[in-house]
Amino acid sequence: MIHELFMTSRPISWVNTAFPFASAYLLTTGVIDWLWIVGTIFFLIPYNLAMYGINDVFDYESDLLNPRKGGAEGALVERSRHRGILIACLVATVPFLVVLGIAGSWEANLVLLVSMLAVLAYSAPKLRFKERPFVDSLTSSTHFVSPAVYGMVLAGAQFNAPLLALLLAFFLWGMASHAFGAVQDIVPDRAASLGSIGTVLGAKWTVRGAALAYLAAGVLLLATEWPGPLAGLLALPYVANVLPYANLNDVNSERAHTGWVRFLWLNYVTGFFITMILIWYAFVR
């Protein structure tokens, strides 16, 4: 069961939620304290277990039709194990939420509530935001941007225009990434009667929209404090990654999976350069 929970939490993506919180909180406070440790651990593992565990349980039938599921990109756990996964999600997240809720301000708790509601609403029955085109990309981006916003609010950050530009750029990056990820699933999603931004726009227009969103994110970073504008250049590899699929037809949309695999590893390379820029910023401000 431990191995199943580990795979369900998609460890390849842990850093995508822990890093935004950890860096936002640390750069705001300038210290590593117990709240930083608790928050980082929460957004590293429990948060991802809840986000992807709920998704894997309630997407089980459609995932059976998806050839890329059953590994690092999504677990296929037997139906008999689903109740255990949902219980594990509760056990893993509730203690952290209680501690963070007691320690945080009402503003921070509101952001945390929105973050957890987005996790639930994306996959849970009745809500199923993942099946609502465009709302799916908005919600998915919230999954990754909200930890950063929470870290800032928890640490008492003062929001100004450059910081808002940074967050909006991050949000556009998240939407673009989700949209591009939806392209590879167009055929199995339609077979399972699931809606998504990809099934509505089609492969080529979804890819083109993702490319434009990446570019817009890069331009927005030019409005951030130095050396933030340097990060705008990091949008270019993402654009280059998706452009080969700009004329992809829906029938062959699964070919975008190659680009998605590159995207997963590109995040680690980008993360390295973002870390260097943040270290630079910490020393020059």
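Conventions and cut-offs
Residues numbered from 1 in each chain as written. Predicted model: local features only at pLDDT ≥ 70, side-chain atom pairs only at ≥ 80, totals over all residues. Heavy atoms only, no water. Helix = DSSP H or I, 4+ residues; strand = E, 2+ residues; numbered from the N terminus. Buried < 20%, exposed > 50% of the residue type's maximum accessible area, 1.4 Å probe, protein only. Contact = heavy atoms within 4.5 Å. Areas by Shrake-Rupley, 256 points an atom, 1.4 Å probe, with all protein chains shown as cover. UniProt positions renumbered as here; feature names shortened; annotations may be inferred. Polar contact = N/O pair within 3.5 Å; in protein donor to acceptor, adjacent residues only side chain to side chain. Expected span 1.5 Å × (residues − 1). Bend = angle between axes of the 7 residues up to and from the residue. Domains from an automatic or database assignment. Buried area = accessible area lost by both parts, 1.4 Å probe. Patch = residues over 30% accessible without salt bridge, like charges linked within 9 Å, V, L, I, M, F, W, Y side chains within 5 Å. Salt bridge = Lys/Arg side-chain N within 4 Å of Asp/Glu carboxyl O. Axes fitted to C-alpha atoms, helices over the stretch in contact; angles between N-to-C directions. Parallel < 35°, antiparallel > 145°, perpendicular 65-115°, else oblique. Nonpolar A, V, L, I, M, F, W, Y, C, P; charged D, E, K, R; others polar.

**Q** Please clarify how the overall build of the protein should be interpreted in this entry.
**A** Within the protein one finds 15 helices and zero strands. With the C-alpha coordinates aligned to their principal axes, the bounding extent of the protein is approximately 50 × 40 × 30 Å. Residue burial in the protein is summarised as follows: out of 285 residues, 51% are buried. Counted over contacts in the protein with a minimum sequence separation of 6, partners at least 24 positions apart contribute 76%. Surface exposure of the protein reaches about 13,200 Å², of which carbon and sulfur atoms provide 73%.

**Q** Can you walk me through the UniProt feature "transmembrane region" (unreviewed entry) in the protein in this structure?
**A** Listed under "transmembrane region" (unreviewed entry) in the UniProt record, and renumbered for this structure, are residues 34-54, 85-104, 148-173, 205-223, 230-248 and 260-283. Overall, residues 34-54 shows 95% helix and 0% strand. The separation of its end C-alpha atoms is 28 Å. Structurally, residues 85-104 is divided into 95% helix and 0% strand, and its ends, taken at the C-alpha atoms, are 28 Å apart.

**Q** How should the side chain of T270 be read in this particular structure?
**A** Within the secondary structure, T270 is located in helix α15 (residues 256-284). In this structure T270 comes out as buried when scored by relative accessible area, which is 11%. A polar contact is formed between the side chain of T270 and the side chain of Y238, at a distance of 3.1 Å. For T270, the contacting residues outside a window of four places in its chain are L234 and Y238.

**Q** I keep staring at the environment of S141 and nothing clicks. Help me out?
**A** Along the polypeptide, S141 turns up in helix α8 (residues 135-154). Sequence spacing of S141 and A118 is 23 residues, and the spatial spacing of their C-alpha atoms is 9.5 Å. Those residues within four positions of S141 in sequence are excluded, and the remaining contacts are F170, F171, G174 and M175. Only 2.7 Å separates the side chain of S141 from the backbone oxygen of F171, close enough to count as a polar contact.

**Q** Just to check I follow, could you spell out helix α6 (residues 82-103) for this structure?
**A** For α6, with 22 residues, the first-to-last C-alpha span of 32 Å sits near the 32 Å given by 1.5 Å per residue. For α6, the principal kink sits at T93 and spans about 30°; a proline, P95, occurs within the next four residues. Regarding α6, the residues found buried are H82, I85, A88, C89, T93 and L100.

**Q** Is there a simple way to think about the domain arrangement of the protein in this case?
**A** Often the size quoted for an interface is simply the accessible area lost on bringing the parts together. Taken domain by domain, the protein holds domain 1 (1-158) and domain 2 (159-284). Each partner contributes residues to the interface: domain 1 has 33 residues there, and domain 2 has 35 residues. Between domain 1 and domain 2 the total buried area reaches about 2,800 Å² when both faces are included, carbon and sulfur atoms providing 71% of it. Linking domain 1 with domain 2 are five residue pairs in polar contact (both at pLDDT 80 or more), by the criterion used here. At the level of secondary structure, the elements contributing two or more residues to the side of domain 1 that touches domain 2 comprise α2 (15-29) and α8.

**Q** Is there a simple way to think about a nonpolar patch on the surface in this case?
**A** A contiguous nonpolar surface patch, about 960 Å² in accessible area, is contributed by W226, V269, F272, F273, M276, I279, W280, F283 and V284. Tracing the backbone through its elements, the reader meets V269 in helix α15.

**Q** Before we go on, may I ask you to explain the packing of helix α12 (residues 203-220) against helix α14 (residues 235-242) in this structure?
**A** For any two helices packed against each other, one specifies the crossing angle of their axes together with the interaxial distance. Interhelical geometry of α12 versus α14 gives an angle of 170° and a closest axis separation of 9 Å. Compared by their axis directions, α12 and α14 come out roughly antiparallel. Every residue of α14 that contacts α12 at V207, A211, Y214, L215 and G218 is listed here: A235, L236, Y238, V239 and V242. Residue classes in the contact of α12 with α14 are distributed as nine nonpolar, one polar and no charged.

**Q** Can you help me understand helix α3 (residues 34-44) in this one?
**A** For an α-helix, 3.6 residues make a turn, and residues three or four places apart therefore share a direction. Buried residues of α3: L35, W36, V38, G39, T40, F42 and F43, and no others. In this structure, the buried residues of α3 make contact with α2, α4 (46-58), α6, α7 (106-123) and α8.

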